[in-house]
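A closer look at the structure
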Amino acid sequence: LCLVRSFGFFAPSSLRTNPSWNRKTPLKAYDMEASIEHTKNMRLQHLEEQAMFALKLAVENNHHPVFPNALIAGDCVITHLLGRLGYLESNKVKIMVIDT
């Protein structure tokens, strides 16, 4: 304790006037799980927006585009996004199913 007092002048003024170890009110708890979930949702939304933008460019800049689908996860996601964009219902694109 004596060393802390004698070397206190090296500490920032915020620690000298209101030391954190003497805090009367408890710190607010940080919810790490909520933060991770929020970050994950932000990342997925960004990836979805990028994919939909790329699909719009591909469909709008090509005449009769055909998308292959081997019923693997990535192909199914692309087909789902094409449906959400309305390209399947409007017959702007064709899906070619590939048996692998």
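Counting secondary structure elements, the protein chain contains four helices and two strands. In the protein chain, the succession of α and β elements from N to C terminus is α-α-α-β-α-β. Of all intrachain contacts in the protein chain linking residues separated by at least 6 positions in sequence, the fraction that spans at least 24 positions is 61%.

Turning our eyes to something else, we now look at the pairing of strand β2 (residues 94-97). For strand β1 (residues 66-69) and β2, the ladder comprises four bridges, and the chain directions are parallel. Looking at the pairing, N69 lines up with V97 of β2. Traced from β1 through helix α4 (residues 73-84) to β2, the parallel crossover comes out right-handed.

A separate point is the nonpolar core. Most often, soluble globular proteins have nonpolar side chains that are buried together. With eight residues, the main nonpolar core is built from M52, L55, V59, F67, L81, L82, Y87 and V93. With three residues, helix α3 (residues 32-60) is the largest single contributor of residues to this core. When neighbours within four sequence positions are excluded, L55 is seen to be in contact with F67, I78, L81, L82, L85 and Y87.

Glancing now at α4. Taking 1.5 Å of rise per residue, 12 residues should cover 16 Å, and α4 covers 17 Å from first to last C-alpha, within 8% of that figure. Residues D75, T79, L81, L82 and G83 constitute the buried set of α4. Where the residues of α4 are buried, they touch α3, β1 and β2. One or two steps after α4, the chain reaches G86, where phi turns positive at roughly 85°.

Positive phi, normally seen in glycine, also occurs at H64, with a value near 55°. Mapped onto the fold, H64 is located in the loop between α3 and β1. Positive phi, normally seen in glycine, also occurs at L71, with a value near 60°.

Before going further, it helps to spend a moment on the environment of L81. You can see L81 is positioned in helix α4. Take L81: its relative accessible area is 6%, and that puts it in the buried class. Sequence separation between L81 and E48 is 33 residues; the distance between their C-alpha atoms is 8.4 Å. Excluding residues within four positions of it along the chain, L81 makes contact with E48, A51, M52 and L55.

Another aspect to go through is α3. Across its 29 residues, α3 extends 42 Å between first and last C-alpha, which sits within 8% of the 42 Å expected from 1.5 Å per residue. Considered for burial, the residues of α3 that qualify are M52, L55 and V59. Each element contacted by the buried residues of α3 is listed here: β1 and α4. Between the side-chain oxygen at the start of α3 and the backbone nitrogen of E33 there is a gap of 3.4 Å, and the oxygen is on D31.

How each quantity is defined
Residues numbered from 1 in each chain as written. Predicted model: local features only at pLDDT ≥ 70, side-chain atom pairs only at ≥ 80, totals over all residues. Heavy atoms only, no water. Helix = DSSP H or I, 4+ residues; strand = E, 2+ residues; numbered from the N terminus. Contact = heavy atoms within 4.5 Å. Pairing = 2+ DSSP bridges. Right-handed = clockwise from strand over helix to strand, strands pointing away. Core = buried A, V, L, I, M, F, W, Y, C linked by side-chain atoms within 4.5 Å. Buried < 20%, exposed > 50% of the residue type's maximum accessible area, 1.4 Å probe, protein only. Expected span 1.5 Å × (residues − 1). Polar contact = N/O pair within 3.5 Å; in protein donor to acceptor, adjacent residues only side chain to side chain.

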